[in-house]
Structures are given as C-alpha cells and as structure tokens.
Amino acid sequence: QLRSIMLPISKGYKWRNFKQIRHDSPKAWRAFVTKSSYEHRLALALDKSPNVISYGYEPMRVSYVHQGRMRSYMPDFVVCIAGMVYVLEVKPKCIIDMHDPVDRSKWTTTAKWCRDKFKASAMFLLVDEEALASIEQHGFLNCLQTNVND
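The residue count restarts for each chain, going from 1 along the sequence in the order it is written. For this predicted model, a pLDDT threshold of at least 70 governs which residues receive local features, and a threshold of 80 or more governs which side-chain atom pairs are given and counted, while totals over whole chains, interfaces and linings are taken from all residues. Processing note: side-chain calculations cover all non-hydrogen atoms of the structure and skip hydrogens and water entirely.

Trainee: Sorry, what's going on with the packing of aromatic side chains here?
Mentor: What characterises a pair of aromatic rings is the spacing of the ring centres plus the angle enclosed by the ring planes. Two aromatic rings, drawn from Phe, Tyr or Trp (for Trp, its six-membered ring), form a pair once their centres lie within 6.5 Å of each other, and the interplanar angle then sorts them: stacked below 30 degrees, edge-to-face above 60, tilted otherwise. One pass over the structure, following the stated rule, counts seven aromatic pairs. Look at Y86 and F140: their rings are 5.2 Å apart centre to centre, the planes differ by 75°, and that puts the pair in the edge-to-face class. Note that Y86 is positioned in strand β9 (residues 84-90) and F140 in helix α5 (residues 140-149), a separation of 54 residues in sequence. When its relative accessible area of 6% is taken as the criterion, Y86 is described as buried. Burial here depends on accessible area, computed with a 1.4 Å probe over protein chains only, as a share of the maximum for the residue type. Under 20% is buried, over 50% is exposed, and the range in between is partly exposed. Overall, the relative accessible area of 3% leaves F140 in the buried class. Through pairs of rings, three or more aromatic residues link up here, namely F32, Y55, Y57 and F77. Going along the chain from the N terminus, every DSSP run of H or I of four or more residues is numbered as a helix, and every run of E of two or more is numbered as a strand.

Okay, structure coming up:
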C-alpha cells in the first residue's frame, strides 16, 4: 500500500510515495518495516548474501551538528560480516547527487563516527540503485570487493 509523506528536499517539501513492507529474517536483529522499495530490496539481498552474519535496520542514532543545531540521524542498515561492520544508507543516485548540506553533514559525521569508534573495522557506505543491483546480483561482500579493487 502506498502512503504519501512529505520529505525535506533542499528546495522545500515535495510529496513522495513509498511502500512500507514488513520484513522478517533470521539474519535481522528484529522484524522491521522498510520505508522504501530500495530498503526492502537491500534487506532481501542481505538475507541471500552468505557472508552476512547479521544486520539491523535503523539500529542506532548518530548525533551531528548542522548550522549550529544538534540533530540525530539513523542510518538504514548496520551489517556484520566476520570482523567488519558496514553502516549503510540506501538512496537513489539523484538524491545523493543533490549535495544537500544536511545529508552531507550527517553522512560525513557517520563516516567519521565509524572511523573513530571502530578504527579500520567499520565503514560507512552510500548505496545507490546501481550498487543495489550489483549487490542483488553478486552478493554484498562480492560486490564490495569488486568495487574496492576497481
């Protein structure tokens, strides 16, 4: 079922439709409801990826400051793979490319948080539709190794 919501876009508000889908998986830390088809597709791909030990959906808050104001952000997924933690945000490329200052602040802070908290054993990644298709086709770890080696 589609539900209309207002999402902040850099030039005011625009109506967007999204499909809420309940997802339950033995790899997920708890059952959850995704807020986009991209999130649901990534959850299914993580379920199929043999290297993924477990994952959580919006399991944590990262505090950041934007224009002198304290805010908080919940990344879409935290994925555990033998010795590594991946913090993932799934967005269409057009939103990633908009260079919204709020998005940039929260993503930069989250990447720094990963480095500070986990050193080399954590990484923040933005997943667009191209990366999502690759993860669906090749699995999470295989896709990640291919992109890092290119």
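Trainee: I keep staring at the sheet that holds β9 and nothing clicks. Help me out?
Mentor: Strand pairing within a sheet occurs via backbone hydrogen bonds; the two strands may be parallel or antiparallel. Pairing between strands is defined by DSSP: at least two bridges between the two strands are required. What the four strands build is an open sheet, ordered β5-β8-β9-β10; its pairing is mixed. In the strand order of this sheet, the two ends are held by β5 (54-57) and β10 (122-127), each with one partner. If you compare each strand with its neighbour and ignore which way they point, the axes differ by 20° on average. When β5 meets strand β8 (residues 77-81), the two strands line up antiparallel, connected through four bridges. Each bridged residue has a counterpart across the sheet, and for S54 the counterpart in β8 is C80. Two residues qualify as a contact provided that any one of their heavy atoms is within 4.5 Å of a heavy atom in the partner residue. In this description, a line fitted to the C-alpha atoms serves as the axis of each element, helices being fitted only across the stretch in contact, and the angle between N-to-C directions of two axes falls anywhere from 0 to 180 degrees. Set on the sheet, helix α1 (residues 37-48) makes contact with β5, β8 and β9; between it and β8 the angle comes to about 10°. Those strands touched by helix α3 (residues 101-118) are β9 and β10, and its axis lies near 155° from that of β10.

Trainee: Would you mind going over unusual backbone geometry with me for this structure?
Mentor: In this structure, E58 takes a positive phi of about 45° despite not being glycine. Within the fold, E58 resides in the loop between β5 and β6 (62-66). What makes E58 buried here is its relative accessible area of 16%. The phi dihedral of Q67 is positive, around 50°, even though this residue is not glycine. Locating Q67 in the fold gives a position in the loop between β6 and β7 (69-73).

Trainee: Quick question: what am I supposed to make of the pattern of salt bridges here?
Mentor: Pairs can form between side chains of opposite charge once their charged atoms are near each other. The salt bridge definition used is simple: a Lys or Arg side-chain nitrogen within 4 Å of an Asp or Glu carboxyl oxygen. Under the definition given, this model contains six salt bridges. For R41, the salt bridge goes to E136, with nearest N and O atoms at 2.8 Å. A residue pair is termed long-range when its members are at least 10 positions apart, and R41 in helix α1 and E136 in helix α4 (residues 129-138) qualify at 95 residues. The exposure class assigned to R41 is partly exposed, which follows from its relative accessible area of 28%. Take E136: its relative accessible area is 36%, and that puts it in the partly exposed class. Its salt-bridge partner being D116, residue K112 comes within 2.5 Å of it at the nearest N-O pair. On the criterion of helical spacing, the pair formed by K112 and D116 is a turn pair, its members being four residues apart in helix α3.

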